[in-house]
Protein chains: 4
Amino acid sequence: MTPRHPVAVLAHPHPRSRIFAPDVWHEFTEAFDVHELGQDGDELDDLLPELFAVVGQPDLPRERLDHAPKLRAVLNVEGNFYPNVDYATCHERSIHVLGCGPAYADAVAEFALGLTIDLARGITREDRAFRAGRERYVAAGNDGAILLRGADIGLIGFGNLGRALLPLLTPFGATVRIHDPWLPDDVITRSGARAATLSDVLTRSAIVIVVATVTAETEGLLGAAELDSMPAGARLVLVSRAPVVDFDALLDRVADGRLTAAIDVWPDEPMPVDARARTLDGLVLSPHRAGGIPQAFAQIGAMVLDDLRLIEQGLPPVRMQVAARELVARYRNRPVS
Amino acid sequence: MTPRHPVAVLAHPHPRSRIFAPDVWHEFTEAFDVHELGQDGDELDDLLPELFAVVGQPDLPRERLDHAPKLRAVLNVEGNFYPNVDYATCHERSIHVLGCGPAYADAVAEFALGLTIDLARGITREDRAFRAGRERYVAAGNDGAILLRGADIGLIGFGNLGRALLPLLTPFGATVRIHDPWLPDDVITRSGARAATLSDVLTRSAIVIVVATVTAETEGLLGAAELDSMPAGARLVLVSRAPVVDFDALLDRVADGRLTAAIDVWPDEPMPVDARARTLDGLVLSPHRAGGIPQAFAQIGAMVLDDLRLIEQGLPPVRMQVAARELVARYRNRPVS
Amino acid sequence: MTPRHPVAVLAHPHPRSRIFAPDVWHEFTEAFDVHELGQDGDELDDLLPELFAVVGQPDLPRERLDHAPKLRAVLNVEGNFYPNVDYATCHERSIHVLGCGPAYADAVAEFALGLTIDLARGITREDRAFRAGRERYVAAGNDGAILLRGADIGLIGFGNLGRALLPLLTPFGATVRIHDPWLPDDVITRSGARAATLSDVLTRSAIVIVVATVTAETEGLLGAAELDSMPAGARLVLVSRAPVVDFDALLDRVADGRLTAAIDVWPDEPMPVDARARTLDGLVLSPHRAGGIPQAFAQIGAMVLDDLRLIEQGLPPVRMQVAARELVARYRNRPVS
Amino acid sequence: MTPRHPVAVLAHPHPRSRIFAPDVWHEFTEAFDVHELGQDGDELDDLLPELFAVVGQPDLPRERLDHAPKLRAVLNVEGNFYPNVDYATCHERSIHVLGCGPAYADAVAEFALGLTIDLARGITREDRAFRAGRERYVAAGNDGAILLRGADIGLIGFGNLGRALLPLLTPFGATVRIHDPWLPDDVITRSGARAATLSDVLTRSAIVIVVATVTAETEGLLGAAELDSMPAGARLVLVSRAPVVDFDALLDRVADGRLTAAIDVWPDEPMPVDARARTLDGLVLSPHRAGGIPQAFAQIGAMVLDDLRLIEQGLPPVRMQVAARELVARYRNRPVS
């Protein structure tokens, strides 16, 4: 029998039990020689010379990689890539660096659709009114309500999240415009949506859903001018990363009734107790809950196991996201604290 | 030029401007000799001898129909059929009696999906918590959150509403079980869902969506025993008619945390100010807002015009709902006040 | 126990075993008091006074209906309605007259798609060439080949067949234009296609699929002028009824290479042995095989049983096609001999 | 203005005009300093020191790559990868090696569906019969005809071709089982199909569609024993590569009526004039025409342009297929002559 390959599993950023269902963990430990590490310090260093793969987000500078001659894969179990890994060396040595963004995509996409319908129909707002005894029945409270069917919907970004979201919008027969400067138009067109400029998305959509990651290019992408280019009454759903939007500018426009918005990601988490966002009726407030649900976490372990098995067989991994060498330097995401 | 056929349009239950967009109204008055009536009393009686069609919900007993020998269509512009029309006589005389339930189907279906995601993910609940300064970030507030993807979802009823809703659920890859005793299994199976008994729907679904109309058979369909057959933690969405559910029994189970629910239709509207429903955290409260949105109302006029044109050409109407003679006697809906 | 209702099943137009699978037949005879009749003469007359329903296509003039006071349903087990039934009396007496067109819709739709791809790609033509030793490999024989993806496809008619076919075209992302003068544009638009005039369909489509029934209006609908309005190289698929097209005009245009066509229905069946159609390379020849496959026939019995059960319960039938009183007089179909 | 990057375009394997539409070629020559080469000999060598990218399939051993220090991309404009490129060096130097398999995927998928319906319904066979004057009308020739709706369909392989084909099968509501040993079950399950063993696919499918590429593992995958495990009357569609199937064994089973098959790829092309395949009525014969249609070729140029632009901007290519370093050594495809 072939000896099992040694794999280190770090307790950060996720405790093991969060990302590995019991049956998956059992299979994993049968298939690999798994070492659970409390931290990524000396313990990891001791394992490096024989290590086949590491599951977690440890610092992996050149010198550490040099001590891991058999390393074949880094599975970072985070949705984003951070600059604590020497990606160039990994690429050159054909070490797979993989992220688990796809594990969260369904959860975020469904949540984004929920927020979108909420903004279209005022569900959260009227629930609050009902509790306060000022609910309005039937047509009385529906003045601003709109259908998604046939609506103009804009997506900013068409990565994991956008690709999981678009099929959920398909049965509404909406006109979906997508802006993603990293993709040729044809990729978007083939998916059934329309490729569009940012300006097109903003000026022509009744609802804009921001699913872009943060890069040097997208930081502050939606400032006052961009928000003002949206039609009065437009709705904005923000589920990817807060820095894409100028928050003060957005809250100003919600406060004066020009826009409504649903926000899942915030400049500071937790937000100050006296943050004005907490009082705006035109907002749906959500404390960064779109992705991190039990089923999403459980996908991570399953993905890790599937992809490690493929790598062991000399096949390319297919479930986790490959750290594209061109892109890793561009991301500006910070870890979720 | 052929003289235009006379059509009476009643001001009730909807003011004209609510259900006819200006361009549709213009086309309508070009195509027909339209008489706007403030009420359905003497004015209507005077028109009866020459009338081709009536748009509205007037009483039409046998004697009145006898005075309308040229009447070809009654377009009731309500979502339901009430017992104020002599349907047998209409049928015998080949007078089309049409309802506009289909006009509301998209609006209700989208709203039902919004409520479903809200219950699955706690959107409204956490918005309230955020405003109260007790929000929980990321995984902390997501213990009970579930995906629709792959979920077991049950529908009770597969009429206009169910048929508009099912396609919206398709991209989630959910297992959808449908109970509708008026339909052979094959009709449900062909739509991509599974035909199921009521018990199957209740015991095997994580989320049950009630889209059944009220009849002698469905009144009180979901009583204490049925609700107790649902698994702990199950979610109930109620968007069709309140009498289908035993409200006290439902609120008891929400109060003790066994179920959560989203409710759009109520035993009394408006509900008393001290109704306990207003205080239950496990509820999403909605004041009968699922169907009555501007775009749904505007569909009604367009449907009326389309179907009257077909009838005038000797073709069957295709957009509004035909009052099936077998079913009109079974409905127990009351007008929305 | 309630006595079972008497139902007559005629041996024409289909032998019983063709349309009733053994298990369906068993259920049927358990549920109803079934009388198998070899013909519709005296035997049927004897049963009329007590008869609940008749399965088959007997002549039912007024006088015969007068002798059947308990008759509730005529299930004609044909795809079309013929003028041998007094539809007005049936309607007045609330006797359901039902046809089984929907049973064939899947079979015809799939076949139509097969013919469409065949014309787009030359499958049948190149199979013949291969057998004759003159096949051309790879690009050499593909000059005229086109994708359905993104193609302009036209449908003439949007009844049972069109509605079964359209979803099969959806994943190709084609632009589908539909002409059906019995339907308001909105019905077509909502289905995801574009409502179009006949001229629009003909002049803008690379492939036109004829799925219209024959009426006074559609007889000879596609004459020389209409065929000439199609772009050179266009393809025509004919699967509904032959009289819709001027056959000589069509064959002329196929013979001179202007059009190609796939034909499943013919002016005379069988066609003369010396018919020129048999020799044209630009045709796909099919001897009226689109609908009549074993699974389609077996659907008929299942539909009959389902709908009779509903009618017995006082519910409207939902699987077979109701003979719309406006339309029965318009059909010009002849029985398939 | 930045100088345009030099790109070499080889006249093989495709003449330029086949793969570049005029407008795309115009854009391409505006964006890059394009050099058209008649062959890949001295001309190419002269360009190597400054070359940014090469479009074509030249031999690129280590020594040649060493002379191309600025090379960033090899766009091979073939559907497969051959062993004439030093992939390891390319990977190490971050030179993208891209194939245009995806350009053919739509064409092959549509063709495969056409062949599948043909086998299900006997279109080609009955066209031949009609021409020979022995056609059978309506039910007479439909004994073996089956619907795709609800059928058991098996796919062997789930790469570019399988992924383009599966959505075309979705509206049929078929049960699709897929065998692909390079993929975890979850990838297949998520797509809506069922992950299956080869044995499962063969024994449970009414129709098996072979869309696997040739590797050491798939060569001769379907031998006599495997073909005999298929149910009598099963249908086989072969559109990827001939060596996957034992041809003699397949033809034996078609000859004796146990199986029918549609074959687009052959052990020798052209096939001998006296090949017995040419005479078998249970075959649909196609001379390698599934992929090479004008629209597929034209996609290649568009893909080349899109991906080169991305690479120039420091972004990853997204339209062509990346030569996975794990897989290039496994392919056993030979160029189409």
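What you are looking at is a predicted structure, and each value in this text was computed from that prediction instead of being measured.

Cut-offs and rules
Residues numbered from 1 in each chain as written. Chains lettered and ligands numbered in written order. Predicted model: local features only at pLDDT ≥ 70, side-chain atom pairs only at ≥ 80, totals over all residues. Heavy atoms only, no water. Contact = heavy atoms within 4.5 Å. Buried area = accessible area lost by both parts, 1.4 Å probe. Salt bridge = Lys/Arg side-chain N within 4 Å of Asp/Glu carboxyl O. Polar contact = N/O pair within 3.5 Å; in protein donor to acceptor, adjacent residues only side chain to side chain. Helix = DSSP H or I, 4+ residues; strand = E, 2+ residues; numbered from the N terminus. Nonpolar A, V, L, I, M, F, W, Y, C, P; charged D, E, K, R; others polar. Pairing = 2+ DSSP bridges. Right-handed = clockwise from strand over helix to strand, strands pointing away. Least-squares fit on C-alpha atoms with pLDDT ≥ 70 in both. Buried < 20%, exposed > 50% of the residue type's maximum accessible area, 1.4 Å probe, protein only. 1 Å grid on protein atoms, 1.4 Å probe; cavity = no way out; pocket = protein on both sides within 12 Å on 5 of 7 lines; lining within 4 Å. Points joined across faces, edges and corners; volume = space filled by probe spheres on them. Axes fitted to C-alpha atoms, helices over the stretch in contact; angles between N-to-C directions. Disulfide = S-S within 2.5 Å. Lys, Arg positive; Asp, Glu negative; His and termini not counted. pLDDT = per-residue confidence, 0-100.

Once that is clear, we can look at the interface of chain D and chain A. Taken together, the 26 residues of chain D in the interface contact 27 residues of chain A. Looking at the side of chain D facing chain A, the largest losses of area belong to L315, R325 and E326 of chain D, adding up to 21% of the total buried there. Taken together, chain D and chain A are joined by 4 salt bridges. With its nearest N and O atoms 2.5 Å apart, the salt bridge here joins R190 of chain D to D106 of chain A. At the surface where chain D touches chain A, the tally comes to 13 residue pairs in polar contact (both at pLDDT 80 or more). For the side of chain D that touches chain A, the secondary structure elements donating two or more residues are α5 (87-92), α9 (185-190), α13 (294-312) and α14 (325-328) of chain D. Taken together, the residues of the side of chain D that touches chain A break down into 11 nonpolar, 5 polar and 10 charged.

This next bit is on the interface of chain C and chain D. Contacts between chain C and chain D engage 61 residues on the former and 61 residues on the latter. Approximately 5,300 Å² of surface area, both sides summed, lies buried where chain C meets chain D, with 60% of it carried by carbon and sulfur atoms. At the boundary of chain C and chain D, one finds 6 salt bridges. Measuring nitrogen to oxygen at the nearest pair gives 2.7 Å for the salt bridge that ties E135 of chain D to R278 of chain C. Across the contact surface, chain C and chain D share 39 residue pairs in polar contact (both at pLDDT 80 or more). Looking at the side of chain C that touches chain D, the elements with two or more residues in it are α6 (101-121), α7 (123-131), α8 (160-169), β12 (283-285) and α13 (294-312) of chain C. The greatest single-element share of the side of chain C that touches chain D, amounting to 10 residues, is contributed by α6 of chain C.

Moving on, we get to the pairing of strand β11 (residues 260-263) of chain D. If a strand is regular, its side chains alternate between the two faces of the sheet. Residue and element names in this part refer to chain D. Relative to β11, strand β10 (residues 235-238) runs parallel, the two sharing 4 bridges. From the neighbouring strand, V237 faces β11, where its bridge partner is A262. For the handedness criterion, the β-α-β arrangement of β10, helix α12 (residues 247-255) and β11 is classed as right-handed. Direction of pairing for β11 relative to strand β12 (residues 283-285): parallel, over a ladder of 3 bridges. Bridging from a neighbouring strand, A261 pairs with L283 of β12.

For the pair chain C and chain D, the relating rotation is 180°, the translation along its axis is 0.0 Å, and the fit reaches an RMSD of 0.0 Å. Both copies are brought into coincidence by an operation consistent with a two-fold rotation axis. Mapped onto chain D, 100% of the interface residues of chain C are again interface residues, and the two copies thus contact each other with one and the same surface.

We now examine the pattern of salt bridges. Scanning all chains against the criterion turns up 78 salt bridges over all chains. A salt bridge links E50 of chain B to K70 of chain B; the shortest N-O distance between them is 2.7 Å. One end of the pair, E50 of chain B, is in the loop between α3 (42-47) and β3 (53-55); the other, K70 of chain B, is in the loop between α4 (62-66) and β4 (73-75), with 20 residues separating them in the sequence. A relative accessible area of 46% places E50 of chain B in the partly exposed class. Judged by relative accessible area, K70 of chain B falls into the partly exposed class, the value being 43%. The closest approach of N and O atoms between D200 of chain C and R204 of chain C, which form a salt bridge, is 4.0 Å. Note that D200 of chain C and R204 of chain C are positioned in helix α10 (residues 198-204) at a spacing of 4 residues, about one turn of the helix. Bridged by salt links that share partners, the residues D127 and R131 of chain A together with R128 and D281 of chain B form one connected network.

Per the counting criterion, the structure on display carries 1 cavity of 30 Å³ or more. Taken together, L147 of chain C together with A103, D106, A107, Q295, A296 and Q299 of chain D make up the lining of the largest cavity. Within the residue set of the lining of the largest cavity, elements represented by two or more residues are α6 (101-121) and α13 of chain D. For the lining of the largest cavity, the class distribution of residues is 4 nonpolar, 2 polar and 1 charged.

Before going further, it helps to spend a moment on the sheet that holds strand β2 (residues 33-37) of chain C. With mixed pairing, 6 strands are arranged side by side in an open sheet as β2-β1-β3-β4-β5-β13 (chain C). Since the sheet does not close on itself, it has two edges, and those belong to β2 and β13 (321-322) of chain C, each with one partner.

With an axial shift of 0.0 Å and an RMSD of 0.0 Å, the rotation relating chain D to chain A amounts to 180°. A share of 100% of interface residues in chain D that are also interface residues in chain A marks the association as one of identical surfaces.

Right, let's talk about the sheet that holds strand β13 (residues 321-322) of chain D for a bit. All names here are of chain D. Taken together, the 6 strands give an open sheet; going across it, the order is β2-β1-β3-β4-β5-β13, and neighbouring strands pair in mixed fashion. Only two strands of the sheet have a single neighbouring strand rather than two, namely β2 (33-37) and β13. Sheet analysis places strand β4 (residues 73-75) next to strand β5 (residues 96-99), joined by 3 bridges and oriented parallel. Bridge assignment links V74 to a residue of β5, and that residue is V97. On top of the sheet, α13 reaches β1 (6-10), β3 (53-55), β4 and β5; it is set at about 175° to β4, its chief contact.

It is worth spelling out the state of the cysteines at this point. Residues and elements named next belong to chain B. Within the structure shown, the criterion is met by 0 disulfides over all chains. The structure places no disulfide on C90, whose sulfur is separated from the nearest cysteine sulfur, that of C100, by 17 Å. Look at C90 and you get buried, because its relative accessible area is 1%.

Let's shift gears to the side chain of R289 of chain A. Looking at where R289 of chain A falls in the secondary structure, it is placed in the loop between β12 (283-285) and α13 (294-312). It is E126 of chain B that comes nearest to the buried, bridge-free R289 of chain A among opposite-charge side chains, at 4.5 Å. Of note is the side chain of R289 of chain A, whose polar atom sits 2.7 Å from the backbone oxygen of R121 of chain B. A distance of 3.0 Å separates polar atoms of two side chains, one belonging to R289 of chain A and the other to N142 of chain B. If sequence neighbours within four positions are ignored, R289 of chain A has contacts with F111 and D264 of chain A together with R121, G122, I123, R125, E126, R136, V138, G141 and N142 of chain B.

Let us look at α7 of chain C. Across the 9 residues that make up α7 of chain C, a large majority, 8, are buried. I123, T124, E126, D127, R128, A129, F130 and R131 of chain C are the residues of α7 of chain C that are buried. Buried residues along α7 of chain C sit in contact with α6 and β12 of chain C together with α6, α7 (123-131) and β12 of chain D. Downstream of α7 of chain C by a residue or two, G133 of chain C has a phi angle that is positive, lying close to 75°.

So, about the confidence of the model for chain A. Looking at chain A, pLDDT values average 94 and 98% of them are 70 or higher. In the predicted assembly, ipTM is 0.96 and pTM is 0.96.

Take unusual backbone geometry next. Residues E269 of chain B and P270 of chain B are joined by a peptide bond in cis, for which omega reads 5°. By the element assignment, P270 of chain B lies in the loop between β11 (260-263) and β12 (283-285). Following H12 of chain D, the chain continues into P13 of chain D via a peptide bond in cis, with omega recorded as 0°. Within the element layout of this structure, P13 of chain D appears in the loop between β1 and α1 (16-19). Phi at V138 of chain A is positive, roughly 50°, even though this residue is not glycine.

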